[in-house]
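The chain contents come next:
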Amino acid sequence: MNWNRLCAMARKEMIQIRRDARSIGIVIAMPIVMLFAFGYGVSFDTKHIPVYVYDQEQSQASRDFLKRFESSRYFNVVRSVGNYPELVHAVDAGTCQIGLVIPPDFSARLGSGEQVRIQAIFDGTDSNSASLGMSYTEAVAQAHSQKLQLDWLRARGQGSVRAPLSVDSRTWFNENLESMVTIVPGVVAMVMAVVGTFLTSLTVAREWERGTMEQLISTPVTPLEIMLGKLLPYVAIGLIDTSVCAIMAVWWFEVPFRGHIWVFLLSTTLFLTVVLSLGYFFSVVAKTQLAASQISLIATFLPAFLLSGFVYPIDQMPAVVQGITHIVPARYYMAILRNVFLKGSSVFNMWQDFFGLALFAAILGLAATRIFRKKLT
Amino acid sequence: MNGQPQAVVVQDLVKRFGDFTAVDNISFEASRGEIFGFLGPNGAGKSTTIRILCGLLHPTSGKALVAGVDVAREPERVRQNIGYMSQKFSLYNDLKVIENLRFFAGMYGVNQADAAERIAWAIDMAGLTGREHLLTGTLAAGWKQRLALGCAVLHRPPIVFLDEPTSGVDPISRRLFWELIHRMADEGVTVFVTTHYMDEAEYCNRLVLIDRGRIVASGSPLELKLKSMEGELLLVECDQVGKALEALQEAPGVTDAAIFGHALHLVVPDAERAIPEVRNYLGERGITVSRIEQIRPTLEDVFVSLTSLKGRREKEQA
């Protein structure tokens, strides 16, 4: 390998990236746009579920109960309606996700110690929100029942009654259990999977399309020099992109960064080797920019989104799917980033993920050096 | 020159793409320091041959040696010794003139000390002084072509392959380009050039005529003109050229007829006997001949004669 040739190749790629508006857009805008789109767009917290209420009694007791919904950040009591059909219509139209019906004998039954049945209607079209809404609603009702019971006992002179069990919860690494804190490091991994592969998927195909490849392969340059010369600028760009995303995660999304910067950089370099080699591979095989970029988007986006643990926890997937996730390199990087950000884990804590990433880097890097042939077809 | 191998040796070279035979068993040799012209119509197999010689395509069978090295076995060693200019302009349009030159100096492994001098030489040669910092894409075709030549010879290759270097370039640029080719040849560089411009073929030391993958003739331009023509050449100026052409193609004693500018060129076995015959033949059909005389054939005549003869023979065989 000739060092001068490698440098000349890398310098040329750098100049071309700089001159091409589209490349600059992909390099600078795409990671940031994706970070914001996913950082804000993908949220697994259910907050402010819109609720309509049909309070048939409108008593102090029913209002006390409803106040619990109003004061919870999970609910947003939008409106009180005067009849049942109106409530049904709101659920049908999707203007609310929960419809609550308070019976006319609410306080009467409470007073006589009978059980009060409250009707709650959930919009099940989004089963995830519906089931969350259901458990939140039950929790609110539970809490209110407990309070009523205690009031009742206290009124009968049992002043020191206490709930028999109490759990003191503390969530480590994500104290407020905000899904954004786990999502954003995952988004960084996903963004780099897509952007990294996309970036290099254009490089070789562009030379074939523009006809410059014929001149290039008539020179003594070796396939390895071509590959390294084309990938090195993107490794630098990728490291900058990932660092910008990480800084945004900490500074804008307020995700804690507890790990060591070197662990972050090492895992990022390994992951970039994987995705850039993959993109290069697609570029050599596809020979047109359009085909190469489409293959790279499909091959990285969906697996990184669905099978990396980004949306669905891997340990809750069916065994077969869990097996498949092992061939998704983003899975290892995603796990490493989450741990580096939130737990501050060391390389040794995550040696399995590092091993997986290094293995893929070696396989794909090697494949990329072998795929290119200095021949016309 | 003695004891040194030929610059290019091609033996029984065949290249097939599926059912299509692009190069059909050709053999020829090019000596060091000569301008070797590879002449033929589009699709004759010129580019395919040149790409095989540059190690860009693998031959189906046969042998090709460039600077004594087998191109199929050691394409990388061949690439050290050659400069190549492909048919389509293939420098980077989004790079500046100077950046293209620096890039190719890097690719050819020209050492740093030499590179500055060679790049300066190439800029001067291409007439691009003062335009070093223009984007290559903005240059006119003639400059692009000369820049491409400059890039291809930065490493002083002993053999240069130029695939239709002057197509799409204005006549003045073409002449400038051929001056550069001659200058390189004077310095001992072997120039292997393909073209379909017959006037350019006259500038070559030696020519190979290729048609449908096969060599139809070879030799110096003069040899070709003298030997390859089966018969002698007549120039006919007359009215109703189109009608005359149709009539003469059927005429007995006329081997071939073709339009050349405003006149007709006829190939006949014996010029002296044919002149009065043609005049009468056309007169009988109401066509007035204003001038008829024997002329020396140009390469274009030779080429038209050889390729059409070939077509006619095939028809007869069928």
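Bear in mind that the values here come from a model prediction, so they are computed numbers and not experimental data.

### A word on the overall build of chain B
In terms of helices and strands, chain B carries 11 helices and 14 strands. Along the longest, intermediate and shortest principal axes, the C-alpha atoms of chain B span 75 × 45 × 40 Å. The buried share of chain B, reckoned over its 318 residues, is 45%. Excluding contacts between residues fewer than 6 apart, the proportion of contacts in chain B whose partners are at least 24 apart in sequence is 69%.

### Some points on the interface of chain A and chain B
Facing the 21 residues of chain A at the interface are 24 residues of chain B. Counting residues per element, the ones that place at least two in the side of chain A that touches chain B are helix 1 (3-19) and helix 9 (212-216) of chain A. Broken down by element, the side of chain A that touches chain B gets its largest block of residues, 7 residues, from helix 1 of chain A. Grouping the constituent residues of the side of chain A that touches chain B by class yields 7 nonpolar, 8 polar and 6 charged.

### What about the packing of helix 5 (residues 141-152) of chain B against helix 6 (residues 171-186) of chain B?
Residue and element names in this part refer to chain B. Two numbers describe how helix 5 lies on helix 6: the axes approach to 10 Å, and their chain directions differ by 15°. With respect to each other, helix 5 and helix 6 are oriented roughly parallel. For helix 5 against helix 6, the interelement crossing comes out right-handed. Counted together, Gly142, Gln145, Arg146 and Leu149 of helix 5 and Ser173, Phe177 and Leu180 of helix 6 form the full contact between these two elements.

### What about the environment of Pro297(B)?
Looking at the secondary structure, you find Pro297(B) in the loop between strand 14 (289-295) and helix 11 (299-317). Residues Pro297(B) and Ser47(B), 250 residues apart in the sequence, show an inter-C-alpha distance of 27 Å.

### Brief notes about the domain arrangement of chain A
Split by domain assignment, chain A resolves into domain 1 (3-43 + 178-371) and domain 2 (49-155). Measuring from the centre of the C-alpha atoms in domain 1 of chain A to the corresponding centre in domain 2 of chain A gives 48 Å.

### Examining helix 3 (residues 97-107) of chain B
For helix 3 of chain B, a buried count of 10 out of 11 residues is recorded, marking the element as mostly surrounded by other parts of the structure. Among the residues making up helix 3 of chain B, those that are buried are Val97(B), Glu99(B), Asn100(B), Leu101(B), Arg102(B), Phe103(B), Phe104(B), Ala105(B), Gly106(B) and Met107(B). Check the buried side of helix 3 of chain B and you find it contacts helix 1 and helix 9 of chain A together with helix 4 (112-125) and helix 5 of chain B. Gly109(B) occupies a position one or two residues after helix 3 of chain B and carries a positive phi of about 70°.

### So, the sheet that holds strand 6 (residues 82-85) of chain B
As a general point, the strands of a sheet are linked pairwise by backbone hydrogen bonds and lie either parallel or antiparallel. Residues and elements named next belong to chain B. Strands sit in the order 6-7-8-3-9-10 across an open sheet of 6 strands; the sheet is mixed. Looking along the sheet, the strands with just one partner apiece sit at the ends: strand 6 and strand 10 (214-219). Along the sheet, successive strands turn relative to each other by an average axial angle of 15°, direction set aside. Bridging between strand 3 (residues 35-39) and strand 9 (residues 206-211) involves 4 bridges; their strand directions are parallel. Bridging across to strand 9, Phe36 finds its partner in Arg206.

### Brief notes about the domain arrangement of chain B
All names here are of chain B. Assigned domains of chain B: these are domain 1 (8-219) and domain 2 (230-317). On a C-alpha basis, the centres of domain 1 and domain 2 stand 37 Å from each other. Of the residues lining the interface, 8 residues belong to domain 1; the matching set on domain 2 comes to 7 residues. Listing elements by their share of the side of domain 1 that touches domain 2, those giving two or more residues are helix 7 (198-201), strand 9 and strand 10. Broken down by class, the residue content of the side of domain 1 that touches domain 2 amounts to 6 nonpolar, no polar and 2 charged.

### Section: the nonpolar core
Formed by 149 residues in total, the largest nonpolar core has its most connected members in Val188(A), Val66(B), Val160(B), Val191(B) and Phe192(B). Counting residues per element, this core draws most heavily on helix 7 (residues 179-201) of chain A, which supplies 14 residues. Apart from residues lying up to four places away in sequence, Phe192(B) is in contact with Val8(B), Ala30(B), Phe36(B), Phe38(B), Ile50(B), Ile159(B), Val160(B) and Phe161(B).

### Here's the deal with the pairing of strand 2 (residues 75-80) of chain A
One ladder, built from 5 bridges, connects strand 1 (residues 49-55) of chain A with strand 2 of chain A; its direction is parallel. Bridge pairing in strand 2 of chain A places Ile49(A) opposite Phe75(A).

### Quick word on the sheet that holds strand 12 (residues 256-260) of chain B
Residue and element names in this part refer to chain B. Spatially, the 4 strands line up as an open sheet ordered 12-13-11-14, and their pairing is antiparallel. The sheet terminates laterally at strand 12 and strand 14, the two strands that pair on one side only. Strand-to-strand twist of the sheet, defined as the mean angle between neighbouring strand axes without regard to direction, takes the value 25°. Of the strand pairs in this sheet, strand 11 (residues 232-238) and strand 13 (residues 263-268) are connected by 5 bridges, and their pairing is antiparallel. Bridge pairing in strand 13 places Leu233 opposite Val267. The strands touched by helix 10 (residues 271-284) are strand 11, strand 13 and strand 14; relative to strand 11, the strand with the most contacts, the crossing angle is about 30°.

### Regarding the packing of helix 11 (residues 261-286) of chain A against helix 15 (residues 351-371) of chain A
Residues and elements named next belong to chain A. Orientation of helix 11 relative to helix 15, taken along the N-to-C sense of each, is 30°, at an axis distance of 8 Å. Judged by the angle between their axes, helix 11 and helix 15 are roughly parallel. Once helix 11 is placed against helix 15, the crossing between them reads as left-handed. For the pair helix 11 and helix 15, contact is made by Ser267, Leu270, Phe271, Thr273, Val274, Ser277, Leu278, Tyr280, Phe281, Val284 and Val285 and by Phe354, Leu357, Ala358, Phe360, Ala361, Leu364, Gly365, Ala367, Ala368 and Ile371, respectively. In terms of residue class, the contact of helix 11 with helix 15 is made up of 17 nonpolar, 4 polar and no charged.

### Brief notes about unusual backbone geometry
One non-glycine residue, Glu254(A), lies in positive phi territory at about 55°. Summarising the element assignment, Glu254(A) is placed in the loop between helix 10 (223-251) and helix 11. The class for Glu254(A) is exposed, based on 11 C-beta atoms found within 10 Å. Residues other than glycine seldom take positive phi values, yet Ala67(B) does so here, at roughly 55°. For Ala67(B), the location among the structural elements is in the loop between strand 4 (61-66) and strand 5 (69-70). Ala67(B) sits in the buried class, given 21 other C-beta atoms within 10 Å.

Rules behind the numbers
- Residues numbered from 1 in each chain as written.
- Chains lettered and ligands numbered in written order.
- Predicted model: local features only at pLDDT ≥ 70, side-chain atom pairs only at ≥ 80, totals over all residues.
- Helix = DSSP H or I, 4+ residues; strand = E, 2+ residues; numbered from the N terminus.
- Buried ≥ 20, exposed ≤ 12 C-beta atoms within 10 Å, placed from the backbone.
- Contact = placed C-beta atoms within 7 Å.
- Nonpolar A, V, L, I, M, F, W, Y, C, P; charged D, E, K, R; others polar.
- Axes fitted to C-alpha atoms, helices over the stretch in contact; angles between N-to-C directions.
- Parallel < 35°, antiparallel > 145°, perpendicular 65-115°, else oblique.
- Left-handed = near helix turned anticlockwise from the far one by under 90°.
- Domains from an automatic or database assignment.
- Pairing = 2+ DSSP bridges.
- Core = buried A, V, L, I, M, F, W, Y, C linked by C-beta atoms within 7 Å.

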